[in-house]
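Letter by letter, the chains look like this.
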Amino acid sequence: MKTSFAARLREQSIEAGLVCLSTRFALGVLLALASVACAEDYRISTQEQYLQASSRTYGPGDRVLLERGKRFTGQLLIRGGGEPGRPVIVDAFGEGALPILDGNGLSDNK
């Protein structure tokens with residue numbers, strides 16, 4: 001049985017729409033994965049690394065990880081920021097007691 005030209009054209013149009021939709025979906029998934037992949041962990045184990053941490057600009061999903069059992073002196077300023085569902089996180093890593101952050105009497109409050 002022969003299919004009319006209009007019917008074939010409709011089928012091709014539907015197939016093209018599905019391919020376009022699939023391509024857009026795949027692109028969206030790749031972009032989402034790429035943005036997650038861009039997040040970084042910054043492990044801080046030394047006083048020098050701690051002081052350098054305040055000069056960085058952090059982005060969505062980044063984690064500032066301070067080594068447990070250590071003491072760090074000075075303010076830790078987190079510059080930059082996250083976005084809904086992907087905050088910048090400050091946490092600890094390793095074994096032992098939580099790290100001590102000694103601001104040395106400094107405060108952001110003015």
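Counting restarts for each chain: residues are numbered from 1 in the order of the written sequence. Whole-chain, interface and lining totals are the exception, using all residues; otherwise, since this is a predicted model, local features are given only for residues with pLDDT of at least 70 and side-chain atom pairs are given and counted only at 80 or more. In computing side-chain properties, one takes all heavy atoms of the structure into account and sets aside hydrogens as well as water.

Bringing the overall build of the protein into the picture now. Numbering goes from the N terminus for both helices and strands, where a helix is a DSSP run of H or I of at least four residues and a strand is a run of E of at least two. Within the protein one finds two helices and seven strands. Ordered by position in the sequence, the α and β elements of the protein form the string α-β-α-β-β-β-β-β-β. Remark: exposure states derive from per-residue accessible area (1.4 Å probe, protein chains only) relative to the maximum for the residue type, with buried under 20%, exposed over 50%, and partly exposed in between. Out of the 110 residues belonging to the protein, those deemed buried represent 16%. Residues are treated as being in contact if the distance between any of their heavy atoms lies within 4.5 Å. Within the protein, contacts between residues separated by at least 24 positions form 57% of all contacts whose residues are at least 6 apart in sequence.

So, on to the pattern of salt bridges. Just to be clear on terms, a salt bridge is a Lys or Arg side-chain nitrogen sitting within 4 Å of an Asp or Glu carboxyl oxygen. Across all of its chains, the model carries four salt bridges by this definition. Between Arg 71 and Asp 102 there is a salt bridge, with its nearest N and O atoms 3.4 Å apart. Placement of Arg 71 in strand β4 (residues 71–73) and of Asp 102 in strand β7 (residues 100–102) is noted, with a sequence separation of 31 residues between them. The partner of Glu 83 in a salt bridge is Arg 86, and the shortest N-O contact between them spans 3.6 Å.

Before going further, it helps to spend a moment on the environment of Pro 84. Positionally, Pro 84 belongs in the loop between β5 (79–80) and β6 (89–93). A C-alpha to C-alpha distance of 9.9 Å links Pro 84 and Gly 61, two positions 23 residues apart in sequence.

Right, let's talk about the nonpolar core for a bit. We define the nonpolar core as a collection of buried residues of types Ala, Val, Leu, Ile, Met, Phe, Trp, Tyr and Cys that are connected through side-chain atoms lying within 4.5 Å of one another. Counting eight residues, the largest nonpolar core is built from Tyr 42, Ile 44, Tyr 50, Ala 53, Tyr 58, Val 64, Leu 66 and Phe 72. Every residue in contact with Leu 66, bar those within four places of it in the chain, is listed here: Ile 44, Tyr 50, Phe 72, Leu 76, Val 90, Asp 91, Ala 92, Phe 93, Pro 99 and Leu 101.

Further remarks concern the packing of aromatic side chains. Here is the rule: rings of Phe, Tyr and Trp (six-membered ring for Trp) pair when centre to centre is within 6.5 Å. Planes less than 30 degrees apart are stacked, more than 60 are edge-to-face, and the remainder are tilted. Tallied over the entire structure, the rule returns two aromatic pairs. Between Tyr 42 and Tyr 58 the ring centres are 5.2 Å apart and the planes differ by 85 degrees, which places this aromatic pair in the edge-to-face class. With Tyr 42 in strand β1 (residues 41–44) and Tyr 58 in strand β2 (residues 57–58), the pair connects residues that are 16 residues apart, well separated along the chain. Given a relative accessible area of 17%, Tyr 42 falls into the buried group. Residue Tyr 58 is classed as buried on the basis of its relative accessible area, which comes to 2%. Between Tyr 50 and Phe 72, the ring centres sit 5.1 Å apart and the planes meet at 20 degrees, which makes this aromatic pair stacked. With Tyr 50 in helix α2 (residues 47–53) and Phe 72 in strand β4, this pair connects stretches of sequence that are 22 residues apart. This pair shows no difference in class: Tyr 50 is buried, exactly as Phe 72 is.

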